[in-house]
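# Remarks on the overall topology
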Amino acid sequence: MISLDKPRISIARYVLIYSLISILAACASVSEQVLEEPADWDQRLQRQQQITDWTIKARLGVQTETEGGSFDVFWQQLADDYDIRLIAPMGQGAVHIDGGNGGVTISLADGQTEYSNDADALFTSMTGLALPVNGLQDWLRGLPIQGEAIQNMRWNEQGQLYKIEQRGWRVEMNRYKRVADFELPHAFYLEREDRPELSVRLLVRDWQPAQ
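Only a predicted model underlies this, so the values are computations on that prediction, with no experimental measurement involved. (Residues numbered from 1 in each chain as written. Predicted model: local features only at pLDDT ≥ 70, side-chain atom pairs only at ≥ 80, totals over all residues. Heavy atoms only, no water.)

## Considering the packing of aromatic side chains
Evaluated as defined, the whole model comprises three aromatic pairs. Judged by centre distance (5.5 Å) and plane angle (80 degrees), the rings of Trp-41 and Trp-155 are edge-to-face. Separated by 114 residues along the polypeptide, Trp-41 in helix α2 (residues 41-48) and Trp-155 in strand β7 (residues 152-155) bring together distant segments of the chain. The same class applies to Trp-41 as to Trp-155, namely buried. (Phe/Tyr/Trp six-rings, centres within 6.5 Å; stacked < 30°, edge-to-face > 60°. Helix = DSSP H or I, 4+ residues; strand = E, 2+ residues; numbered from the N terminus. Buried < 20%, exposed > 50% of the residue type's maximum accessible area, 1.4 Å probe, protein only.)

See the structure below:
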């Protein structure tokens, strides 16, 4: 398992990540990939961008060639500000991410706290894990990262975003479900070309856009 001893934290055993992978594999949809942009894609983007405030409960799994672990995720978003808590099983540690346009502060269970303008780099330096914190704010809504280059994008048969490559990440999103008046993805698989041994999986258990 991945060990993040001081200043890093210890996280889950292999069985937890394998259980998460099994859940995601069982729930993954078998959709045809569509290369051509849907005719109503601009309208879909505008609609999904209306979701600015939300609360999410999820399970995050990280797997490398030899190590793995998982967190329970509690994410609250208010416009550009976010409060994310990652809690490892059996009291093995926690990460608190408090950020926004002005930067991000990350705190570990042992009291270590650091600030940076780069949430992704700070998270990696403090925990040893790779997680695209900023990118997930858009991907969670079934959107590309706004204002940034897209290397590849595909849709499913329903015209929903299915695969995207941005910021060096290859992201697959599926299990769209209707939440309030929106169709939102609930299962994510992320990997990087420069780190083929790394896979990140996120399974959303509860998706609550603010009313």
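## Focus on unusual backbone geometry
You will see that Ala-79, though not glycine, has its phi angle at about 60 degrees, which is positive. Relative to the assigned elements, Ala-79 resides in the loop between β2 (68-78) and β3 (81-87).

## Let's talk about the nonpolar core
By size, the foremost hydrophobic cluster in this structure holds 51 residues, and its most contacted members are Leu-60, Trp-75, Leu-86, Ile-97, Trp-139, Leu-140 and Trp-207. Among residues more than four places away in sequence, those in contact with Ile-97 are Tyr-82, Asp-83, Ile-84, Leu-86, Val-104, Thr-105, Ile-106, Phe-123 and Val-133. (Core = buried A, V, L, I, M, F, W, Y, C linked by side-chain atoms within 4.5 Å. Contact = heavy atoms within 4.5 Å.)

## Some remarks on the pattern of salt bridges
All chains considered together, the criterion is met by twelve salt bridges. Among the salt bridges present, the one from Asp-40 reaches Arg-44, with a minimum N-O distance of 3.1 Å. Overall, Asp-40 belongs to the partly exposed group, its relative accessible area being 33%. The residue Arg-170 makes a salt bridge to Glu-191 at a minimum N-O spacing of 3.1 Å. Of this pair, Arg-170 sits in strand β9 (residues 169-174) while Glu-191 sits in strand β12 (residues 187-192), and the two are 21 residues apart along the sequence. Glu-191 sits in the partly exposed class, given a relative accessible area of 23%. Bridged by salt links that share partners, the residues Arg-59, Asp-72 and Arg-205 form one connected network. (Salt bridge = Lys/Arg side-chain N within 4 Å of Asp/Glu carboxyl O.)

## A closer look at the confidence of the model for the chain
The predicted model of the chain averages 85 in pLDDT, with 84% of residues at 70 or higher. For residues 5-30, every residue scores under 50 in pLDDT, and the model assigns this stretch 69 contacts once sequence neighbours within four places are set aside. (pLDDT = per-residue confidence, 0-100.)

## Quick look at the sheet that holds strand β6 (residues 113-116)
An order of β6-β5-β4-β3-β2-β1-β13-β12-β9-β8-β7 is seen for the eleven strands of this open sheet, with the pairing classed as antiparallel. Of all strands in the sheet, those bounded by a partner on one side alone are β6 and β7. For this sheet the average axis-to-axis angle between neighbouring strands, irrespective of direction, equals 15 degrees. Its contacts with the sheet put helix α3 (residues 119-127) on β3, β4 (94-100), β5 (103-108) and β6, and the angle it makes with β5 is roughly 15 degrees. (Pairing = 2+ DSSP bridges. Axes fitted to C-alpha atoms, helices over the stretch in contact; angles between N-to-C directions.)

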